[in-house]
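# Examining the three-dimensional arrangement
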Amino acid sequence: MGEGPRESSNAWAGLAGVGVLALAIGCCAALPLAVAIAGSVAIGTVLGVAAGAVALIVLVSLVVVRVRRRSACKAPAPRHGDQSAVAKKRSAP
């Protein structure tokens, strides 16, 4: 009967050891994992915004190029000092 309390205290010591181990794993593994996840979300956000900005710049550039090409094909702008273009404007009704 003398061994009853010893076995009970060993069980509690084993359970406390498991609890300490779980706490150590939680602190030493979960915290870096949470930081890594937060960092990847932040990097993903930055990369997403950068990709959106690049796409917007490309889209605006394409629109500007198309508008310039269309306006250039319709009527050439008179050159500075080109008297023939000025004379045609004056003689037009």
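The paragraphs below set out a description of the structure included in this document.

Parameters and conventions
Along each chain, residues carry numbers from 1 onward, in the same order as the chain's sequence is written. With pLDDT at 70 or above as the cut-off, local features in this predicted model cover only qualifying residues; side-chain atom pairs require 80 or more to be listed or tallied, and sums for whole chains, interfaces and linings still use all residues. Excluding hydrogens and water, the side-chain figures rest on all heavy atoms present in the structure. Helix numbers and strand numbers start at the N terminus; a helix is a DSSP run of H or I with at least 4 residues, a strand a run of E with at least 2. For every residue, the accessible area obtained with a 1.4 Å probe (protein chains only) is divided by the maximum for its type, and the residue is called buried under 20%, exposed over 50%, and partly exposed between those limits. Accessibility throughout is a Shrake-Rupley quantity obtained with a 1.4 Å probe, and a residue counts as covered only by protein chains that appear here. For patch detection, residues must exceed 30% relative accessible area and be free of salt bridges, and they are connected within 9 Å for like charges or within 5 Å for nonpolar side chains (Val, Leu, Ile, Met, Phe, Trp, Tyr). The salt bridge criterion pairs a side-chain nitrogen of Lys or Arg with a carboxyl oxygen of Asp or Glu, the two atoms within 4 Å. Counting rule applied: Lys, Arg positive; Asp, Glu negative; His and chain ends not counted. Taken as the charge location is NZ of Lys, CZ of Arg, CG of Asp or CD of Glu.

### Looking at the overall build of the protein chain
For the protein chain, the count of helices and strands is 2 helices and 0 strands. A burial count over the protein chain gives 1% of its 93 residues as buried. Surface accessibility of the protein chain: about 8400 Å² in total, with carbon and sulfur atoms responsible for 72%.

### A look at a nonpolar patch on the surface
On the surface, a cluster of nonpolar side chains totalling about 530 Å² of accessible area is made up of Leu56, Leu59, Val60, Val63, Val64 and Val67. Looking at the element boundaries, Val64 is found in helix H1 (residues 4-74).

### Structural notes on a positive patch on the surface
Taken together, the side chains of Arg66, Arg69, Arg70 and Lys74 make up a positively charged region of the molecular surface. Mapped onto the fold, Arg70 is located in helix H1.

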